[in-house]
Amino acid sequence: MSFINYASREINCKIVYYGPGLCGKTTNLQHIYQMTDPDAKGKMISLATETERTLFFDFLPLALGEIRGFKTRFHLYTVPGQVFYDASRKLILKGVDGVVFVADAQEERLDANIESMENLKVNLEEQGYQLENLPFVIQYNKYDLPNVTPIEELRELLNPNGVPEFKGCAVTGEGVFETLKEVAKLILMELKKGG
Amino acid sequence: MLGPQSSFVMYDEELQRINIVIERLLREANAKVIFLVDKNGQMISGVGETEHLDTTSLASLTAGNIAATGGLAKLIGEKEFSILFHEGEKDNLHISIVAQRVILVVIFDQRSSLGLVRLRVRKASDELTTIFEDLAKKTAEIQASGGHNSPFAEITDDDIDSLFS
């Protein structure tokens, strides 16, 4: 969970972007990286295969400024979405403070979204977390494409608990910062409760 | 002991004690850089020639490396591998787990040797374990007393919005 350093007056939190293969998790991080002030970001690391599919994780450290005299840093990670990289996904979830589920809104990816959401719950539970108790946000990505599942249906299948949700287009950046801001906000509110 | 899912809190006093131990280890092991990383990938402290290093990325990748190697260990029936060693052309990495929660990384070159590093790391690990046990106790006591004056208790929506402005 979060790392509060009173000595250097820093708070570090870990956000994990989860979702099925090719849903746009890495593209979310790339957009954030491109649009962020160089002073506020560290290097983006992508451990990818030769075909640019995420192999282990992507990592982007973001320093968002001070809150109550503490430097606030968010460490953004993505997991590999392809089904067979389950071991990697479990490892990346260690110490997670908040989760973004990036769904692929295209009709033909509906089953993949449901499978990935179930996989997220199972992998979190293995580590003693309950998704319902974590700061959690959903992004329906690729919503600009013509063949998308209606939002009501996506909501019913992927978001029965009504967590914050956003339509997105990670390629153009639509919904990307709204999603990040919301999960960061939920994490800080959780910190407030715990504090 | 600090659990894997408890918030990790560091105070001035313990950080100073940690830095004394790793600065001494740096000298005694003839190392170039030493840093401590939380298993979740957060940098705790670093000493030595750190100015040209991307320590944030190193911390994240080290934790990822430990996690992946831990996965390998489980597959062959081991709990975890407590020491990893990477040999480079010039610089080498000696990585070990301290107090089950923290990763100690020593970067050294030909001015030192694996044997010396291993020897010195063993002694420093014992000292660091004591400090982290004290830290875990202190954190538990403060949480139990409910008396910690967290700076985050008073966070407002405006504070959060200002981070994204």
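Please refer to the structure placed before this passage.
Residues numbered from 1 in each chain as written. Chains lettered and ligands numbered in written order. Predicted model: local features only at pLDDT ≥ 70, side-chain atom pairs only at ≥ 80, totals over all residues. Heavy atoms only, no water.

> Which residues make up the interface of chain A and chain B, and what values do they have?
Of the residues lining the interface, 43 residues belong to chain A; the matching set on chain B comes to 37 residues. Taking both partners together, chain A and chain B bury about 3,700 Å²; carbon and sulfur atoms supply 63% of that area. The three residues of chain A that bury the most area against chain B are F3, Y6 and R68 of chain A, which together make up 19% of that side's buried surface. Across the chain A-chain B interface, the total number found is two salt bridges. For D159 of chain B, the salt bridge goes to R68 of chain A, with nearest N and O atoms at 2.9 Å. At the surface where chain A touches chain B, the tally comes to nine residue pairs in polar contact (both at pLDDT 80 or more). Mapped by element, the contributors of at least two residues to the side of chain A that touches chain B are β1 (3-5), β2 (10-18), β3 (45-48), β4 (54-67), β5 (70-78) and α5 (176-194) of chain A. Ranked by the residues each element gives to the side of chain A that touches chain B, the list is headed by α5 of chain A, at nine residues. With three bridges connecting them, β1 of chain A and strand β1 (residues 8-10) of chain B associate as parallel partners. (Contact = heavy atoms within 4.5 Å. Buried area = accessible area lost by both parts, 1.4 Å probe. Salt bridge = Lys/Arg side-chain N within 4 Å of Asp/Glu carboxyl O. Polar contact = N/O pair within 3.5 Å; in protein donor to acceptor, adjacent residues only side chain to side chain. Helix = DSSP H or I, 4+ residues; strand = E, 2+ residues; numbered from the N terminus. Pairing = 2+ DSSP bridges.)

> Which residues make up the pattern of salt bridges, and what are the values?
For the structure shown, the criterion picks out 18 salt bridges over all chains. Measuring nitrogen to oxygen at the nearest pair gives 3.6 Å for the salt bridge that ties D161 of chain B to K181 of chain A. In this pair, D161 of chain B is assigned in helix α4 (residues 157-163) and K181 of chain A in helix α5, connecting two distinct chains. Put simply, D86, R89, K90 and E126 of chain A are held in one network by salt bridges that share partners.

> Talk me through the sheet that holds strand β4 (residues 83-87) of chain B; I want residue IDs and the actual numbers.
Residue and element names in this part refer to chain B. Spatial ordering of the open sheet is given by β3-β2-β6-β5-β4, a layout of five strands whose pairing is antiparallel. Each of the sheet's edge strands pairs with one partner strand only, and the pair in question is β3 (43-48) and β4. Adjacent strand axes in the sheet meet at a mean angle of 15°, parallel and antiparallel pairs treated alike. In this sheet, strand β5 (residues 92-98) lies alongside β4 in antiparallel orientation, the contact comprising five bridges. Residue pairing in the sheet places I83 in a bridge with S96 of β5. Helix α1 (residues 12-28) contacts β2 (33-38), β3 and β6 (102-108) of the sheet and is inclined by roughly 40° relative to β3. (Axes fitted to C-alpha atoms, helices over the stretch in contact; angles between N-to-C directions.)

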